[in-house]
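Tertiary structure, described
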Amino acid sequence: MAEITAPSKTKKDSEQVQCYHCNEPCVDETIHFDEKTFCCQGCKMVYSILSENGMCTYYELDENAGISLKGKRQQQFAYLDETSVVEKLLDFEEGNKARLTFYLPQIHCASCIWLLENLYKLREGILQSKVNFMKKEIYLTFDKTQITLRQIVELLDSIGYEPAINLQSLDDEEKPVIPRTFYYQIGIAGFAFGNIMLLSFPEYLGLEKGSDDGFQMIFGYLNIILSLPVLLYSGRDYFISAWGTLKHGYLNLDVPIALGMLALFGRSVFEIVSQTGAGYLDSFAGLIFFLLIGKWFQQRTYHHVSFERNYKSYFPIAATIKKDGETKTTSLDKLEINDTVLLRHGELIPADGYLLKGKAKIDYSFVTGESEPVEKVSGEKVFAGGRQMGEMIEISLSKKVSQSYLTQLWNDEAFQESKESSTSKLADLIGRRFTLVVLTVAAATFIYWYRIDPGIAFNAFTAVLIVACPCAVALSIPFTLGNIIRIFAKNGFYVKNTKVVEELNDIDTVVFDKTGTLTNALQSGIEKIGGNLSSRQTNLIRSLALQSNHPLSRQMAAYLEGGEDLYKVESFNEIVGKGIEGWLDGTHVKIGSASFLSVPKEQQQKDVKVWASLNGILVSGFIFHNQYRSGFERVMQFFNKKYHTYLLSGDNDASRAELEPFFEKKENLKFEQTPQDKLNFIKNLQKENKKVLMLGDGLNDAGALQKSEVGIVLTEDTNNFTPASDGILAAKNFELLPGFIKLSRKSIQLVHYAYALAFVYNLIGLSYAVTGTLSPVVAAILMPASSVTIVLFGVGMSSWLAKKGLKGQSPSTLDV
């Protein structure tokens, strides 16, 4: 396809040449592309992306569908030039890159997703766009030097997706559950339904035709006029959705619904125009009215059921805050604006803020995908999602924690492998076949009845299309498993998404890290060997240990706690799986394994886990006496009965003898494992077709956690939040792990039971519909009722099973 820009035309000529996209005259320039004419590059680019995705039906639905992009700057968006407003709307800003989230209530089908996720083709500067269909949100990353926030909003508005930006969005308040236009659609359908019934009253009374034939004809045409807004406005979403999926070779639930509407409307118009009957326009208007009422009821029910999970769930992690000269940990949901947060090496910034103290090296790979740390100085702004990669820093929060934003980063596709469980495969299979089966049954019903009574044929055909509902396929997994996620979170176990619950059902092998996973490093006993340390030496080691989030470093810092002020860390480096080093008060301090400090073999002791040196001179060693987590024996008994169990530890094998009785085989315990060794071990298990659950602390086993089918990080009270994990478990609830696993299995069974329930419902509904005894209006009422039933069944039963399954497993208070 060639592109040609023609010279300017006279006004007379230009009036005869209209833009294919927006229908405006091509005054300034004429661009020929794909045998069509466009008035500017913007209109041509919109057409290009629609054409590439097979979405040119956009122009067939409305001949004036497009809006001109020719240099327009919508004045209603002028406020977006204000810096203060832009700062509130941006999720992230660093260098030329910025990231934001918009709520787009107009999103309704797959075509919307394809168009919005290809925005980068419409305008330079848009780097990436990702759509969350369920929440009707778009996540945009853009280059500030090439495009402004206002220009992005104007672009979205020009293609029909004006973002809902108001005080609610700026204050992070709740978005409207149902758009206002939806209520207009219901109102018009209800008005038409009532008036058509009124005009059809003589027909209901069975009055014979006579001298009032003229009135009956007038009433019939009035009914057609009243039905047209119902067809074209109230029911348009069904037709747009059905046509969009058909254009791309798919069948969705809206296809049979749209066919049913057209069958009723077409048959009714034919009877009224040909004067062979009164038609079924009352049933047609009632059908759409009750479908919309049902959709409204569904959305309200779903919102009520999912509200708590979406807005009140929490990460079982905490941040360290400094208040009145003291430090303490607090959960993320309790952090407030102006709180001072301490961040150690590797910890995540929980909310936007300003750097107060320390040398910040922020890794924003969570947000931008670029792992090169960005250096910040005191007073500069830092953004949620960045990870400190150096010494401990202090930041003052300027925003509250947005857990939905952190979840969005955690769920980024860049950190996920393509995994599909057997349950999802079954759902996809049923979903693909269901609509085809319904259409076949409806066609057979129509053919059978048409020879006997065409009136019954159309009613039966429509009733079959409407009453059949694959709601279990569409709703069982998100609502049943979504409720399980909510229950998990309220009991200290936060998982990324419903796929993790499905994958927990498929695992057959469990791999454990030791330190910080099976052992409670913060409660373990510690013993120092070597000579006495001076107060200065003690404080040097403690000052360096405080910079690390590793459980052994934190325990050492607590053990060496003294009254002296900490030394300022002039440089800091942590080598994963080996140790940490830095310069403090002119002294080179190293803490770590014997190999990291080059401890001579004759001085090494098997029980010593951590050594410390000052300016290359070995000054002390530390022995950690293992304190296993509460419920350790019961948890290991559970896993050994049902799974293959392994231990991968970076420590030496001093604790082998005490751990061997708790594992399937002695050779399943591996010590002195590097992060790469752990990753390779998981890969080898998967080559044997094993489905692996990995439990670690996320500090030196990130690769193994990410490679496993399910990777779970245990956390004590720190901001240990990593994209490598599929779940985060509060360490205090370690003993609940068997209950979580069993509950995930039972939730999958509930999904299957819901499928069986839906099958019975559809069998009964169809058996009545094919006989012609079920009216389309009643079918329209039954269809959403069945959907709500499936939702309530999944949510109610999963809550009951959770209460029964987790009860009594932990001394802590459980919440379902």
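Data block above holds the structure.
Structure report, in brief.

Parameters and conventions
- Think of each chain on its own: its residues are numbered from 1, step by step along the sequence as written.
- Note on the predicted model: pLDDT of at least 70 is required for a residue's local features to be given, and 80 or more for side-chain atom pairs to be given and counted; whole-chain, interface and lining totals, by contrast, use all residues.
- For side-chain calculations, the full set of non-hydrogen atoms in the structure is used, while hydrogens and water are omitted.
- Helix and strand definitions follow DSSP, with helices as H or I runs of at least four residues and strands as E runs of at least two, each counted in order from the N terminus.
- By the convention used here, residues are in contact when the closest approach between their heavy atoms is within 4.5 Å.
- Calculation of accessible area relied on Shrake-Rupley with a 1.4 Å probe; when residues are assessed, cover is drawn exclusively from the protein chains displayed.
- For this analysis, a salt bridge means a side-chain nitrogen from Lys or Arg found within 4 Å of a carboxyl oxygen belonging to Asp or Glu.
- Residues enter a nonpolar core if they are buried and are Ala, Val, Leu, Ile, Met, Phe, Trp, Tyr or Cys, with the set joined through side-chain atoms within 4.5 Å.
- In this scheme, a residue with accessible area under 20% of its type's maximum is buried, one over 50% is exposed, and one in between is partly exposed, where area comes from a 1.4 Å probe on protein chains only.
- For two strands to pair, DSSP has to find at least two bridges joining them.
- Fitted lines through C-alpha atoms give the axes, limited to the stretch in contact for helices. The angle between two N-to-C directions lies from 0 to 180 degrees.
- Here a polar contact is taken to be a pair of N or O atoms separated by no more than 3.5 Å, where protein atoms must pair a possible hydrogen donor with a possible acceptor and residues adjacent in sequence count only if both atoms sit in side chains.
- Here the angle decides the label: under 35 degrees means roughly parallel, over 145 means roughly antiparallel, 65 to 115 means roughly perpendicular, and every other value means oblique.
- Just so you know the grouping, Ala, Val, Leu, Ile, Met, Phe, Trp, Tyr, Cys and Pro go in nonpolar, Asp, Glu, Lys and Arg go in charged, and all remaining residues, Gly too, go in polar.
- Two rings from Phe, Tyr or Trp (for Trp, the six-membered ring) form a pair when their centres are within 6.5 Å of each other. A pair whose planes differ by under 30 degrees is stacked, one over 60 is edge-to-face, and the rest are tilted.

Summing up its helical and strand segments, the chain has 27 helices and 29 strands in all. In the chain, once contacts between residues fewer than 6 apart in sequence are set aside, the share between residues at least 24 apart is 68%. Within the structure as shown, the chain displays about 37,100 Å² of accessible surface, and the carbon and sulfur contribution to it stands at 54%.

Looking now at the pattern of salt bridges. For the coordinates displayed, the defined rule picks out 12 salt bridges. Two residues, Glu347 and Arg344, come together in a salt bridge whose shortest N-O distance is 3.6 Å. Salt-bridge contacts for Glu660 lead to Arg656; the nearest nitrogen and oxygen are separated by 3.6 Å. Overlapping salt bridges bring together Lys322, Lys357 and Glu394 as one network.

Turning our eyes to something else, we now look at the nonpolar core. Counting residues in each nonpolar core, the largest one holds 47 residues, and the members touching the most others are Phe512, Leu518, Phe639, Leu693 and Ile712. Considering each element in turn, this core owes the most residues, eight residues, to helix H26 (residues 737-769). Residues in contact with Ile712, not counting those within four places in the same chain, are Phe493, Leu693, Met694, Leu695, Gly696, Leu705, Gly727, Leu729 and Leu737. Formed by 42 residues, the second largest nonpolar core is a distinct cluster that contains Phe239, Ala258, Phe289 and Leu439.

The next point concerns the sheet that holds strand E22 (residues 587-592). Strand order in the open sheet made by the six strands is E19-E24-E23-E22-E21-E20, with antiparallel pairing throughout. Strand pairing shows two members of the sheet lacking a second neighbour, strand E19 (525-529) and strand E20 (569-575), which therefore form its edges. Neighbouring strand axes in the sheet, compared pairwise and without regard to direction, differ in orientation by 15 degrees on average. Running at roughly 60 degrees to E22, helix H20 (residues 535-545) makes contact with E20, strand E21 (579-584), E22, strand E23 (608-614) and strand E24 (617-625) of the sheet.

Moving on: the side chain of Ser798. Tracing the sequence through the fold places Ser798 in helix H27 (residues 776-806). Beyond its immediate chain neighbours, meaning those up to four positions away, Ser798 contacts Thr480, Asn483, Ile484, Ile487, Leu743 and Leu750.

With that settled, consider the side chain of Ser620. Here Ser620 lies in strand E24. For Ser620, a relative accessible area of 3% gives the class buried. In terms of polar contacts, Ser620 uses its side chain to reach the backbone carbonyl oxygen of Ile529, at 3.2 Å. Filtering out sequence-adjacent residues up to four positions away, Ser620 remains in contact with Lys528, Ile529, Leu533, Trp611 and Ala612.

Looking now at H20. Burial analysis of H20 places eight of its 11 residues in the buried class, which makes it a mostly covered element. Residues of H20 that are buried include every one of Thr538, Asn539, Leu540, Ile541, Arg542, Ser543, Leu544 and Ala545, and no others. If you follow the buried residues of H20, they end up packed against helix H21 (551-559), E20, E21, E22, E23 and E24.

Moving on, we get to the packing of helix H17 (residues 454-467) against H26. The interhelical angle for the contact between H17 and H26, taken along N-to-C directions, is 170 degrees, at an axis separation of 9 Å. Taken together, H17 and H26 sit at an angle that is classed as roughly antiparallel. In this structure, H17 contributes Ala460, Ala463, Val464 and Val467 to the contact, and H26 contributes Tyr761, Asn762, Gly765, Leu766 and Ala769. Across the contact of H17 with H26, the residue classes break down as seven nonpolar, two polar and no charged.

The next subject is the sheet that holds strand E13 (residues 374-376). The three strands are arranged E13-E12-E15 in an open sheet whose pairing can be described as antiparallel. What marks the edges here is a single partner per strand, and that holds for E13 and strand E15 (387-388).

Turning to the packing of aromatic side chains, a few remarks are in order. Tallied over the entire structure, the rule returns 16 aromatic pairs. Taking 5.7 Å as the distance between ring centres and 75 degrees as the angle between the ring planes, the aromatic pair formed by Phe512 and Phe639 counts as edge-to-face. Taken together, the residues Phe512 in strand E18 (residues 509-512) and Phe639 in helix H22 (residues 632-642) connect sequence positions 127 residues apart. Here Phe512 matches Phe639 in class, with each residue buried. Ring geometry for Tyr646 against Phe681: centres 5.3 Å apart, planes inclined by 70 degrees, an arrangement best described as edge-to-face. Here Tyr646 is found in strand E25 (residues 644-648), whereas its partner Phe681 is found in helix H24 (residues 675-687), with 35 residues between them in sequence.

Moving on, we get to the packing of H22 against H26. Put simply, H22 and H26 touch, their axes get as near as 9 Å, and they point 40 degrees apart. Between H22 and H26, the angle falls in the class oblique. When H22 is examined against H26, the residues Val635, Phe638, Phe639 and Lys642 are found in contact with a partner set consisting of Leu737, Pro738, Ile741, Lys742 and Arg745.

A word on H21. In terms of burial, H21 is largely enclosed, as seven of its nine residues are buried. Residues Pro551, Leu552, Ser553, Arg554, Gln555, Met556 and Ala557 constitute the buried set of H21. Looking at the buried side of H21, the elements it contacts are E19, H20, E21, E22, E23 and E24.

Phi is positive for Asn338, close to 80 degrees, though the residue is something other than glycine. Secondary-structure assignment places Asn338 in the loop between strand E9 (326-331) and strand E10 (340-343). At Asn615, a residue that is not glycine, the phi angle is positive and equals roughly 50 degrees. Along the chain, Asn615 turns up in the loop between E23 and E24. Classification of Asn615 by relative accessible area gives partly exposed; the value is 46%.

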